[in-house]
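So the chains spell out like this:
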Amino acid sequence: MKIKLILLVMGIILGVSKEVVEEKVDDFMIIGVSVETTNQDGQAAQDMSGLWQKFFTEGVSNRIANKTSEDVFVLYTDYEKDYKGRYTAIIGHKVHSVDEVPEGLMGWTFQGGNYLKLTAKGEVPGSVVNVWNEVWSKDEALHRRYTVDYEVYGPDSQKGPNSEVNVFIAVD
């Protein structure tokens with residue numbers, strides 16, 4: 001009960017949604033494309049735009065045969081220290097195996113753990129950026145692990161002002 005109250009209050013403080021849920025995530029695998037970037041001086045916005053362009057123009061989604069779903073995952077991992085340092089951003093799909101990775105793509109295996117699941121609601125990408133800005137402003141209070149954080153772009157992510165994107169933050 002205490003955890004649920006804390007999460008509800010956190011959702012109100014973050015202003016992202018009423019849906020802040022603690023969730024246990026199992027280990028998972030991703031195949032996709034990546035870039036090393038930083039949030040300093042707007043670099044991530046530029047790099048992520050290029051990565052999304054690469055994902056779509058090179059037909060990455062169509063080249064991944066063993067997807068678990070059509071949901072697109074955007075992951076942030078290999079953190080230098082925290083959100084102010086360098087990290088790796090990945091766009092791809094969750095897969096059953098990384099044994100056979102198409103040429104030009106990469107495969108990753110991530111260890112699961114405890115996550116906070118926040119729901120960004122509204123126009124994409126603005127609503128997602130707002131969630132991250134709020135997460136960064138509450139960084140210490142969230143007790144982030146900085147292992148892998150990620151966003152899930154499912155069917156509800158393309159509904160204009162009614163879009164929803166789930167954002168998962170690794171926590172202790």
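The structure under discussion appears in the preceding block.
Remember, predicted model here, so these are calculated numbers, not experimental data.

A. View of the pattern of salt bridges. Under the criterion given, the structure shown has six salt bridges. Residue Arg-144 pairs with Asp-149 through a salt bridge whose shortest N-O separation is 2.6 Å. You can call Asp-149 buried: its relative accessible area is 0%. Each of Asp-139, Arg-144 and Asp-149 takes part in a single network of salt bridges with overlapping partners.

B. Molecular detail of the sheet that holds strand β2 (residues 28–38). The antiparallel open sheet is built from eight strands, whose spatial order is β1-β6-β8-β7-β3-β4-β2-β5. Since the sheet does not close on itself, it has two edges, and those belong to β1 (20–25) and β5 (106–110), each with one partner. The sheet shows a mean angle of 35 degrees between the axes of neighbouring strands, taken without regard to direction. When β2 meets β5, the two strands line up antiparallel, connected through five bridges. Counted as the bridge partner of Met-29 is Thr-109 from β5. Sitting on the sheet, helix α2 (residues 43–57) touches β2, β3 (72–77), β4 (86–95) and β7 (148–153), and the angle it makes with β2 is about 140 degrees.

C. Inspection of the packing of aromatic side chains at higher detail. For the coordinates displayed, the defined rule picks out 16 aromatic pairs. For the pair Tyr-79 and Tyr-87, a centre-to-centre distance of 5.7 Å together with 35 degrees between the ring planes defines the contact as tilted. Per residue, the accessibility class of Tyr-79 equals that of Tyr-87, and both read buried. Between the aromatic rings of Tyr-150 and Phe-168, the centroid separation amounts to 4.6 Å while the plane-to-plane angle is 10 degrees, which identifies the pairing as stacked. Of this pair, Tyr-150 sits in strand β7 while Phe-168 sits in strand β8 (residues 164–170), and the two are 18 residues apart along the sequence. Here Tyr-150 falls in the buried class, since its relative accessible area comes to 4%. An aromatic cluster of at least three residues, connected via ring pairs, comprises Tyr-76, Tyr-79, Tyr-83, Tyr-87, Trp-132, Trp-136 and Tyr-146. The lysine or arginine in question, Lys-94, covers the ring of Phe-28, its NZ or CZ lying 5.2 Å from the ring centre.

D. Spotlight on the side chain of Asp-149. Counting through the fold element by element, Asp-149 comes out in strand β7. Beyond its immediate stretch of four places on either side in the chain, Asp-149 contacts Val-74, Leu-75, Tyr-76, Tyr-79, Trp-132, Arg-144, Phe-168, Ile-169 and Ala-170.

E. Representation of helix α4 (residues 126–137) in the model. The terminal C-alpha atoms of α4 lie 17 Å apart, and with twelve residues this matches the ideal 16 Å at 1.5 Å per residue to within 8%. Regarding α4, the residues found buried are Ser-127, Val-128, Val-131, Trp-132 and Val-135. For α4, the arc enclosing every buried residue in end-on projection is 140 degrees, short of the 170-degree limit, so these residues lie on one face.

F. Fine view of the nonpolar core. Counting 33 residues, the largest nonpolar core has Val-33, Met-48, Tyr-76, Ile-91, Trp-132 and Ile-169 as the members making the most contacts within it. Breaking this core down by element, the ones donating at least two residues are β2, α2, β3, β4, β6 (113–121), α4 and β8. Contacts of Ile-169, omitting those with residues within four sequence positions, involve Asn-114, Tyr-115, Leu-116, Leu-118, Trp-132, Val-135, Arg-144 and Asp-149. Membership of the second largest hydrophobic core comes to 14 residues, among which are Val-25, Phe-110, Tyr-115 and Val-152.

What counts as what
Residue indices follow the written sequence of each chain, beginning from 1 at its first position. Side-chain atom pairs in this predicted model are given and counted only at pLDDT of 80 or more, local residue features only at pLDDT of at least 70, and totals for whole chains, interfaces and linings cover all residues. Calculation of side-chain values draws on the structure's entire complement of heavy atoms; hydrogens and water are dropped beforehand. For this document, the term salt bridge refers to a Lys or Arg side-chain nitrogen within 4 Å of an Asp or Glu carboxyl oxygen. Accessible area is worked out with a 1.4 Å probe on protein chains only. A residue is then buried under 20% of its type maximum, exposed over 50%, and partly exposed in between. At least two DSSP bridges between two strands are needed for those strands to be called paired. By definition, any uninterrupted DSSP run of H or I lasting at least four residues is a helix, any uninterrupted run of E lasting at least two residues is a strand, and each is numbered from the N terminus. Angles run from 0 to 180 degrees between N-to-C directions of axes, and those axes are lines fitted to C-alpha atoms, restricted for helices to the stretch in contact. What makes two residues a contact is simply this: any of their non-hydrogen atoms within 4.5 Å. Between 30 and 60 degrees the pair is tilted, below 30 it is stacked and above 60 it is edge-to-face, where a pair is any two Phe, Tyr or Trp rings, Trp via its six-membered ring, whose centres lie within 6.5 Å. Placement of a charge over a ring requires the Lys NZ or Arg CZ to be within 6 Å of the ring centre, with the centre-to-atom vector within 35 degrees of the ring normal. Expected helix span is computed as 1.5 Å times (number of residues minus one). The directions from the helix axis to the C-beta atoms are what the arc is built from. In these notes, a set of buried Ala, Val, Leu, Ile, Met, Phe, Trp, Tyr and Cys residues joined through side-chain atoms within 4.5 Å is what counts as a nonpolar core.

No statement about biological role is implied by the geometric values presented.
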